[in-house]
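Breakdown of the fold
Single-letter residue listing:
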Amino acid sequence: MSGGISDLDKNRALADWLEWQLRQVRGRIRELEIKEEQERRRREQAHAALRWKIQPQRSSSAALVHRGDCALYPVGGGFLDHEEALIALAEPDIEACQICRLETGLSNG
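Residues numbered from 1 in each chain as written. Predicted model: local features only at pLDDT ≥ 70, side-chain atom pairs only at ≥ 80, totals over all residues. Heavy atoms only, no water.

**Examining the environment of Arg 67**
Here is the rule: Secondary structure counts use DSSP, requiring at least four H or I residues in a row for a helix and at least two E residues in a row for a strand, with both numbered from the N terminus.
Structurally, Arg 67 can be placed in strand β2 (residues 63–67). With 18 residues separating them along the chain, Arg 67 and Ala 85 place their C-alpha atoms 9.4 Å apart.

Dropping the structure here:
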């Protein structure tokens, strides 16, 4: 030994540094996965806002047409397009949700 750092100590230091690097990369991967999931949800919500859905009739009320993103009827899937929503609203036993103001999107269709 000549007073310098031994090969063993160099390799231990390298292993510590590589482990630190790996933790950094794994942390960044987690951040990117979260960001990707948030972006996917944002795209789905934006798509739902352009669609409509029907809440089935209950014994005391008419069936309701909601915007796809209306929180009063948070059911995913089974969306109607613009034309289908207009047809549904023409039915006598189907009404528009008074909360989500779906007529705004339907009038711009």
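**Comments concerning the nonpolar core**
The cut-off we apply is this: What we call a nonpolar core is a set of buried Ala, Val, Leu, Ile, Met, Phe, Trp, Tyr and Cys residues that are connected through their side-chain atoms within 4.5 Å. A simple rule labels every residue: compare its accessible area, found with a 1.4 Å probe on the protein chains alone, to the largest value its type can have, and call it buried under 20%, exposed over 50%, or partly exposed in between.
Membership of the largest hydrophobic core is limited to 7 residues, which are Trp 52, Ala 63, Val 65, Leu 80, Ala 85, Ala 88 and Ile 94. Within the residue set of this core, elements represented by two or more residues are β2 and α2 (82–90).

**What to know about the pattern of salt bridges**
Keep this limit in mind: Each reported salt bridge corresponds to a side-chain nitrogen of Lys or Arg within 4 Å of a carboxyl oxygen of Asp or Glu.
Counted under the stated rule, the structure contains 8 salt bridges. Between Glu 37 and Arg 40 there is a salt bridge, with the nearest N and O atoms lying 2.3 Å from each other. Residue Glu 37 and its partner Arg 40 are located together in helix α1 (residues 7–49), separated by 3 residues, close to a single helical turn. For Arg 40, a relative accessible area of 31% corresponds to the partly exposed category. Across the salt bridge formed by Glu 44 and Arg 40, the nearest N and O atoms sit 2.4 Å from each other. One end of the pair is Glu 44 and the other is Arg 40, both in helix α1 and 4 residues apart, which spans about a single turn. Judged by its relative accessible area of 44%, Glu 44 falls in the partly exposed class. Three or more residues joined by partner-sharing salt bridges are found here, namely Glu 37, Arg 40, Arg 41 and Glu 44.

**Concerning the pairing of β2**
Going by this rule: In short, DSSP must find at least two bridges between two strands for them to pair. If you view a crossover with the strands going away from you and the path from the first strand over the helix to the second runs clockwise, you call it right-handed.
Along β2, 4 of the 5 residues are buried, which leaves the element largely enclosed by surrounding structure. Sheet analysis places strand β1 (residues 52–55) next to β2, joined by 4 bridges and oriented antiparallel. Bridge pairing in β2 places Lys 53 opposite His 66. Crossover handedness for the path β2 to α2 to strand β3 (residues 94–96): right-handed.

**Remarks on the sheet that holds β2**
What counts, and what does not: Only the stretch in contact is used when fitting a helix axis, every axis being a line fitted to C-alpha atoms; angles between N-to-C directions are given from 0 to 180 degrees. Whether two residues touch is decided by their heavy atoms; if any such pair falls within 4.5 Å, the residues are in contact.
Spatial ordering of the open sheet is given by β1-β2-β3, a layout of 3 strands whose pairing is mixed. Each end of this open sheet is capped by a strand with a single partner; those strands are β1 and β3. Put simply, the sheet's adjacent strands are angled 30° from each other on average, direction ignored. As paired elements, β2 and β3 share 3 bridges and run parallel to each other. What sits directly across from Val 65, in β3, is Ala 96. Sheet strands in contact with α2 are β1, β2 and β3, and its direction is about 115° off that of β3.

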